[in-house]
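Per-entry structural report
Residues per chain are reported as follows:
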Amino acid sequence: MANGIRALALTVALGLPGAVLADGDTGHTGHAGGSRAIDHVPIGVVGEHNHGAGEFMLSYRFMFMSMKGNRDGTERVSTADVLTEFPVSPTAMDMEMHMFGLMWAPTDRLTLMAMVPYLRLDMDHRTGMGGSFTTRSDGFGDLSLSGIYELYGGEQHQLLLNLGMSGPTGTLRAADNLPPTMGERVKLPYPMQIGSGTPDLLPGLTWNGDFGRVRLGTQVRGVYRIGRNREGYRLGHRFAATGWAAVELCRSVSASLRFSFDKWKDIVGDDDDLNGDTVPTADPSLRAGRRVDAALGLNYLVGSGPLKGHRFAIEVARPIHQILDGPQLETDWLTTAGWQLAF
Ligand SMILES: [Cu+2]
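An account of the accompanying structure is given in this report. (Residues numbered from 1 in each chain as written. Predicted model: local features only at pLDDT ≥ 70, side-chain atom pairs only at ≥ 80, totals over all residues. Heavy atoms only, no water.)

1. Things to note about the pattern of salt bridges
In plain terms, the rule: By salt bridge we mean one thing: a side-chain nitrogen of Lys or Arg within 4 Å of a carboxyl oxygen of Asp or Glu. Counting from the N terminus, the helices are DSSP H or I runs at least four residues long and the strands are E runs at least two residues long. Relative accessibility decides the category of a residue: with a 1.4 Å probe and only protein chains considered, values under 20% of the type maximum give buried, values over 50% give exposed, and everything between is partly exposed.
All chains considered together, the criterion is met by 15 salt bridges. With a closest N to O distance of 2.8 Å, lysine 187 and aspartate 271 form a salt bridge. Highlighted residues: lysine 187 in strand β9 (residues 184–187) and aspartate 271 in the loop between β15 (268–269) and β16 (289–301), separated in sequence by 84 residues. Here the two residues lysine 187 and aspartate 271 agree in accessibility, since each one is buried. A salt bridge links arginine 291 to aspartate 293; the shortest N-O distance between them is 3.0 Å. Aspartate 293 shares its class with arginine 291; the two are buried. Via salt bridges that share partners, Arg173, Lys187, Glu231, Asp271 and Asp273 belong to a single interconnected network.

This is the structure in structure tokens:
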């Protein structure tokens, strides 16, 4: 142990970058990882850290998004109002996402990341005739591969460039039995589909600031979709910016407050199998929106025992502002819970 401390002290004194830490510390390089809970940013943020050469990380995130009621612009719209324009109105949607991730660093400056989501979607509807029904879809979504490159890594500040691409592995033909069509299996509208169907570019930039027991960070990222998918449309591009502040409560627990801004555009083109006159979710020009969320997070990094080094985290977000090109379902809650292990 004393040797370990001496080696660590020597490492620090010499300022060797990415040197192996003593006593099984599964640290990241830079400021984004290590043996304290505060070294990890809120679990809802992805691709915000890199690793030391040769290090791996496995992660699992469970995300749950609850949507209830429609909105047009900033105003709420009742189901009855939607039903004056469309024969069917969505009333609620639950989105469950299981996200599996693998990271590996070939060098101290470059970390590679692969992620694949498994999605489960549920949407409730009401019809103008007074009926109601639910549609469901599930499956593996689009696989993404990214590189996280450290542009700058100093004592206090770190700047990372994210560049990724996601492939069209998720289905665009999710279907379910619909009561309004006499129980026939029908292709589901755009928000119930699992994949984008296009190659999507995923650029981003992350800043991490280390102020001892307080950490700050920001990330901007985009989803830029290329071409059209096989069904004849492409989903709208997306832009997201987020900023967070985290404080160390003790070595193994940290808490965070985060704000995020999301903006997404309408669908370009359309799927011939969908009829935008029947339900707003099938209208490609009623998909755009903007949203600001506030999120509270908690990190727990196990400091000893058989689970030493495992990180468990949760973040709960609630929109504080949203403008939707509607009628469109509004978001009410977002929860992300996750587990990570670096080795
Ligand atoms: Cu990692």
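Further notes follow.
2. Describing the nonpolar core
Note the threshold: In these notes, a set of buried Ala, Val, Leu, Ile, Met, Phe, Trp, Tyr and Cys residues joined through side-chain atoms within 4.5 Å is what counts as a nonpolar core. What makes two residues a contact is simply this: any of their non-hydrogen atoms within 4.5 Å.
Of all hydrophobic cores here, the largest spans 34 residues; its most connected members are Met93, Leu121, Met192 and Tyr233. When residues of this core are traced back to their parent elements, those giving at least two are β1 (56–73), β3 (88–104), β4 (110–127) and β17 (311–342). Apart from residues lying up to four places away in sequence, leucine 121 is in contact with Met93, Asp94, Met95, Thr135, Arg136, Ser137, Pro191, Met192, Gln193 and Ile194.

3. Observations concerning the coordination of the copper ion
Definition in use: Each metal site is built from N, O and S donor atoms within 2.8 Å (3.2 Å for Na, K and Ca), and since water is not included, such sites may look incomplete. Under this scheme a four-donor centre is tetrahedral when all angles range from 85 to 135 degrees, a four-donor centre is square planar and a six-donor centre octahedral when opposite donors are above 155 degrees with the rest from 65 to 115, and any other centre is irregular.
For the copper ion, the protein coordination sphere consists of His49 (NE2), His51 (NE2), Met57 (SD) and Met103 (SD), at 2.0 to 2.7 Å. Considering all four donor atoms around the copper ion, the spread of angles at the metal, 100 to 122 degrees, places the coordination shape in the tetrahedral class. One chain supplies every donor to the copper ion, and in sequence these donors are spaced H-x1-H-x5-M-x45-M. Residue histidine 51 is found in the loop between α1 (2–14) and β1, and its partner methionine 103 is found in strand β3; the two are separated by 52 residues along the sequence. For the pair shown, histidine 51 and methionine 103 are each scored as buried.

4. Describing the packing of aromatic side chains
Operational definition: Working definition: rings of Phe, Tyr and Trp (its six-membered ring) pair if their centres are within 6.5 Å, and the pair is stacked with planes under 30 degrees apart, edge-to-face with planes over 60 apart, and tilted otherwise. We count a charge as sitting over a ring when the NZ of a lysine or the CZ of an arginine lies within 6 Å of the ring centre and within 35 degrees of the ring normal.
For the structure shown, the criterion picks out five aromatic pairs. On the basis of an interplanar angle of 75 degrees and a centroid distance of 4.8 Å, the ring pair of tyrosine 190 and tyrosine 233 is categorised as edge-to-face. Placement of tyrosine 190 in the loop between β9 and β10 (200–211) and of tyrosine 233 in strand β12 (residues 233–234) is noted, with a sequence separation of 43 residues between them. Accessibility expressed as a relative area gives 1% for tyrosine 233, which makes it buried. Each member of the aromatic cluster is reached from another via a ring pair, and the members are Phe56, Trp104 and Phe343. Positioned above the aromatic ring of tryptophan 333, the side-chain terminus of arginine 318 is 4.6 Å from the ring centre.

5. Description of unusual backbone geometry
Of note, the amide linkage connecting glycine 326 to proline 327 takes the cis form, showing an omega dihedral of 10 degrees. Among the structural elements, proline 327 can be located in strand β17.

6. Considerations on the pairing of β3
To keep things clear, this is the line we draw: At least two DSSP bridges between two strands are required for those strands to pair.
In the sheet, β1 pairs with β3 via 13 bridges, with the strands oriented antiparallel. Bridging from a neighbouring strand, methionine 67 pairs with methionine 93 of β3. As paired strands, β3 and β4 are joined by 16 bridges and run antiparallel to one another. Note that in β4 the partner of serine 89 across the bridge is arginine 126. Taking the residues between adjacent antiparallel strands as the criterion, β3 and β4 are bridged by five residues.

7. Topic: a negative patch on the surface
We count it as follows: A residue counts toward a patch only above 30% relative accessible area and without a salt bridge, and it is joined to like-charged neighbours within 9 Å or, for Val, Leu, Ile, Met, Phe, Trp and Tyr, to nonpolar neighbours within 5 Å. Areas reported as accessible are Shrake-Rupley estimates using a 1.4 Å probe. Residue values count occlusion only from the protein chains shown. A residue counts as positive if it is Lys or Arg and as negative if it is Asp or Glu; His and the chain ends are not included. Charge positions are represented by NZ for Lys, CZ for Arg, CG for Asp and CD for Glu.
Together, Asp72, Glu75, Asp81, Glu85 and Asp325 make up a negatively charged patch on the protein surface. Tracing the sequence through the fold places aspartate 72 in strand β1. By relative accessible area, which is 37% here, aspartate 72 ends up partly exposed.

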